[in-house]
Amino acid sequence: MRAWLKNAIRRKEPPAGSRPRTAKAYINAEIERLPRGGQGLFFSIDRCVQCIEKIPGILHPLEGFALFMLSMDAPTDNMIVEVGSYLGRSTSYLALGSLISRKKGIYAVDMFPKASDWFLGEDGLYHIRGSDYYLEESIFKERALFFYGDHAYSSTLEIFRDIVRKVGLDDLIVAFKGNSYQCARELKAPVRMAFIDGDHTYDGVKKDILALADMIVENGFMCFHDYSSSFPGVVQAVNEFVINSGRFADIYQVKGLLVARKMASRA
Ligand SMILES: C[S@@+](CC[C@H](N)C(=O)[O-])C[C@H]1O[C@@H](n2cnc3c(N)ncnc32)[C@H](O)[C@@H]1O
């Protein structure tokens, strides 16, 4: 296996044995409702961040905080589309921004795989049918036990739903099982922001950009996770179709999160 891929997967996974054995046990023991004061009108963001960080996920708190601020700042009251929601950590940061700014919520797009959606590829990695997303065997086995091991859940969609319900953000989140282009076909209105963190291959990110860039309002944001040398496909696609496209400006990075603002289209 290519060294960069091996390192990237290792870097992103929590150490095995550091949490309760199954998703059900974990949700019961660790996930709690976001604290609200003053009849639900006052939020301590520090305490909300502590709560959201309990959601298993692959996102640094600074990146999460940036998503929260962008969700509030993005123009218009349109929804946000997220591709690659996993168990809801990034989704919750975005939804918290929607809650406080009283804007519409999030389409959470993910393949939300069932156990049977995974298969062992010729490269020795586990893949989800219909995506090039991949996991090393040992990580796949640890996750399989956590996700499906107690038979309480048949897919990560149910785990995701239980988590966002327990943190109290379910009213703002619409889960969509599938990919970006299937979701784009169903969108009835433009979105104020798109956050891409799904299939990390060049082709996967390119498809996500081409499916969603036209759906973003003028001055809205397009953001990508894992814009780093660990994911050369992400970097290549973002460079080609965002940074060097002439369609985006005000581009900056917060750790692995790349943020770009969509400019007005030229007549
Ligand atoms: C790195 S995780 C996302 C982490 C998440 N944003 C967080 O805050 O923890 C990638 C997710 O993308 C999903 N995925 C992979 N390929 C996809 C695709 N083509 N379309 C939508 N989701 C995809 C996987 O099921 C997985 O849940």
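Residues numbered from 1 in each chain as written. Predicted model: local features only at pLDDT ≥ 70, side-chain atom pairs only at ≥ 80, totals over all residues.

Draft legend 1. Local environment of the environment of Gly-38. By secondary structure assignment, the location of Gly-38 is in the loop between α2 (23-30) and α3 (45-52). Its 7 C-beta neighbours within 10 Å are what place Gly-38 among the exposed residues. Taking the C-alpha atoms as reference points, Gly-38 and Phe-221, separated by 183 residues in sequence, lie 31 Å from one another. (Helix = DSSP H or I, 4+ residues; strand = E, 2+ residues; numbered from the N terminus. Buried ≥ 20, exposed ≤ 12 C-beta atoms within 10 Å, placed from the backbone.)

Draft legend 2. Looking closely at the packing of helix α4 (residues 61-73) against helix α5 (residues 89-101). Remark: α4 packs on α5, axes separated minimally by 7 Å, with the N-to-C direction vectors making an angle of 35°. Every pair of crossing elements has a handedness; the one defined by α4 and α5 is right-handed. Taking contact as the criterion, the partners of Gly-64, Leu-67, Phe-68, Met-69, Ser-71 and Met-72 in α4 are, on α5, Arg-89, Ser-90, Tyr-93, Leu-94, Leu-96, Gly-97, Ser-98, Ile-100 and Ser-101. When its residues are assigned to classes, the contact of α4 with α5 shows 8 nonpolar, 6 polar and 1 charged. (Axes fitted to C-alpha atoms, helices over the stretch in contact; angles between N-to-C directions. Left-handed = near helix turned anticlockwise from the far one by under 90°. Contact = placed C-beta atoms within 7 Å. Nonpolar A, V, L, I, M, F, W, Y, C, P; charged D, E, K, R; others polar.)

Draft legend 3. Structural context of the pairing of strand β9 (residues 248-254). Taken together, the 5 bridges between β9 and strand β10 (residues 257-262) define a ladder with antiparallel strand orientation. Across the sheet, residue Tyr-252 finds its bridge partner in β10, namely Val-259. Taking the residues between adjacent antiparallel strands as the criterion, β9 and β10 are bridged by 2 residues, where Lys-255 takes a positive phi near 50°. (Pairing = 2+ DSSP bridges.)

Draft legend 4. Main features of unusual backbone geometry. Unusually for a residue other than glycine, Arg-102 sits at a positive phi of about 60°. You can see Arg-102 is positioned in the loop between α5 and β2 (106-110). Despite not being glycine, Asp-250 shows a phi value in the positive range, around 50°. Examined against the element boundaries, Asp-250 turns out to sit in strand β9. Given 11 C-beta atoms within 10 Å, Asp-250 falls into the exposed group.

Draft legend 5. Structural context of the nonpolar core. Ranked by size, the top nonpolar core spans 70 residues in total, and within it Val-81, Ile-106, Ile-163, Met-193, Ala-194 and Cys-223 carry the most contacts. Aside from chain neighbours lying at most four places away, what touches Ile-106 is Met-79, Ile-80, Glu-82, Thr-91, Leu-94, Ala-95, Ser-98, Leu-172 and Ile-173. (Core = buried A, V, L, I, M, F, W, Y, C linked by C-beta atoms within 7 Å.)

Draft legend 6. Focus on the packing of helix α9 (residues 202-212) against helix α10 (residues 232-243). One can describe the packing of α9 onto α10 by two numbers: an axis separation of 8 Å at closest approach and a directional angle of 35°. Taken as a pair, α9 and α10 cross one another with a handedness that is right-handed. Contacts between α9 and α10 involve Tyr-202, Val-205, Lys-206 and Ile-209 from the former and Gly-233, Val-234, Gln-236, Ala-237, Val-238, Phe-241 and Val-242 from the latter. Along the lines of polarity and charge, the residues of the contact of α9 with α10 split into 8 nonpolar, 2 polar and 1 charged.

Draft legend 7. Region of the structure containing the sheet that holds β2. Ordered by their spatial adjacency, 7 strands build an open sheet running β6-β2-β1-β7-β8-β10-β9, and the pairing between neighbours is mixed. Among the strands making up the open sheet, the edge pair consists of β6 (173-177) and β9. Across the sheet, the mean angle separating the axes of adjacent strands is 15° when strand polarity is ignored. Bridge count between strand β7 (residues 191-196) and strand β8 (residues 216-224): 5 bridges; the pairing is parallel. By the bridge assignment for β8, Ile-196 is matched with Phe-224. Each of β1 (80-83), β7 and β8 touches α9; the most contacted strand, β7, lies at about 175° to it.

Draft legend 8. Structural detail: α9. Listed as buried for α9 are Gly-204, Val-205, Asp-208, Ile-209, Ala-211 and Leu-212. All buried residues of α9 lie within an arc of 165° about the axis, which places them on one face of the element. For α9, the secondary structure elements touched by its buried residues are β1, α8 (180-186), β7, β8 and α10. (Arc of directions from axis to C-beta.)

Draft legend 9. Main features of α3. Within the sequence span of α3, burial applies to Cys-48, Cys-51 and Ile-52. One face of α3 carries all of its buried residues, which in axial projection span an arc of 95°. Looking at the buried side of α3, the elements it contacts are α4, α5 and α7 (156-167).

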